[in-house]
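Reading the structure
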Amino acid sequence: MSDEDDGPTGREGFEAATERSAGNPWIVHGLNLLLSTLFATTIVWGLDFVGSLAFTPVNVATATVLIFTAAYLMSVR
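Below is a summary of the structure that appears in this document. Here the structure is a predicted model, which means the values were calculated and not measured.

The helix and strand inventory of the chain stands at 3 helices and 0 strands. Ordered by position from N to C terminus, the α and β elements of the chain give α-α-α. Of all 77 residues assigned to the chain, the portion counted as buried reaches 9%. Look at the contacts in the chain between residues 6 or more apart in sequence, and 50% of them connect residues 24 or more apart.

The following block contains the structure:
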């Protein structure tokens, strides 16, 4: 290959692609939901372990909604 190649290569190509890409919000919301659920499950399990809160699906769902909403509001520009 010659040094006068017109196409972007390496880091330049990646930066050009990410600047134009809007991304898919469904992926972001899905990852937020998954990670919020895992985090809420861990928190509720820990609170159940110390005797502060019962480990029930309602408590996990409530914590998930709160964490999901907080993460969403912090990420909105």
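Let's shift gears to the side chain of threonine 64. The residue threonine 64 is located in helix 3 (residues 57–75) in this model. Threonine 64 sits in the buried class, given a relative accessible area of 8%. Apart from residues lying up to four places away in sequence, threonine 64 is in contact with Leu33, Ser36, Thr37 and Ala40.

Quick look at the packing of aromatic side chains now. Considering all chains together, one arrives at 1 aromatic pair under this definition. Ring centres of tryptophan 45 and phenylalanine 49 lie 5.4 Å apart, and the angle between their planes is 20 degrees; this geometry places the pair in the stacked category. With tryptophan 45 and phenylalanine 49 both in helix 2 (residues 25–50) and 4 residues apart, the pair spans about one turn of that helix.

This paragraph deals with a nonpolar patch on the surface. A cluster of nonpolar residues, Phe39, Ile43, Trp45, Leu47, Phe49, Val50, Leu53 and Phe55, forms a patch on the protein surface that exposes about 800 Å² of accessible area. Note that phenylalanine 39 resides in helix 2. Looking at phenylalanine 39, the relative accessible area reads 47%, which means it is partly exposed.

Relative to the helices and strands, asparagine 32 resides in helix 2. Beyond its immediate chain neighbours, meaning those up to four positions away, asparagine 32 contacts Phe68, Ala71 and Tyr72.

Next up on the list: helix 3. Taking 1.5 Å of rise per residue, 19 residues should cover 27 Å, and helix 3 covers 27 Å from first to last C-alpha, within 8% of that figure. Within helix 3 the residues assigned to the buried category are Val60, Ala63 and Thr64. Along the axis of helix 3, the buried residues cluster in a sector spanning 105 degrees; they form a single face. Summarising the geometry of helix 3, the exposed residues directed more than 90 degrees from the buried face are Val58, Val65, Leu66 and Leu73. Against helix 2 lie the buried residues of helix 3.

About the cut-offs
Residues numbered from 1 in each chain as written. Predicted model: local features only at pLDDT ≥ 70, side-chain atom pairs only at ≥ 80, totals over all residues. Heavy atoms only, no water. Helix = DSSP H or I, 4+ residues; strand = E, 2+ residues; numbered from the N terminus. Buried < 20%, exposed > 50% of the residue type's maximum accessible area, 1.4 Å probe, protein only. Contact = heavy atoms within 4.5 Å. Phe/Tyr/Trp six-rings, centres within 6.5 Å; stacked < 30°, edge-to-face > 60°. Patch = residues over 30% accessible without salt bridge, like charges linked within 9 Å, V, L, I, M, F, W, Y side chains within 5 Å. Areas by Shrake-Rupley, 256 points an atom, 1.4 Å probe, with all protein chains shown as cover. Salt bridge = Lys/Arg side-chain N within 4 Å of Asp/Glu carboxyl O. Expected span 1.5 Å × (residues − 1). Arc of directions from axis to C-beta.

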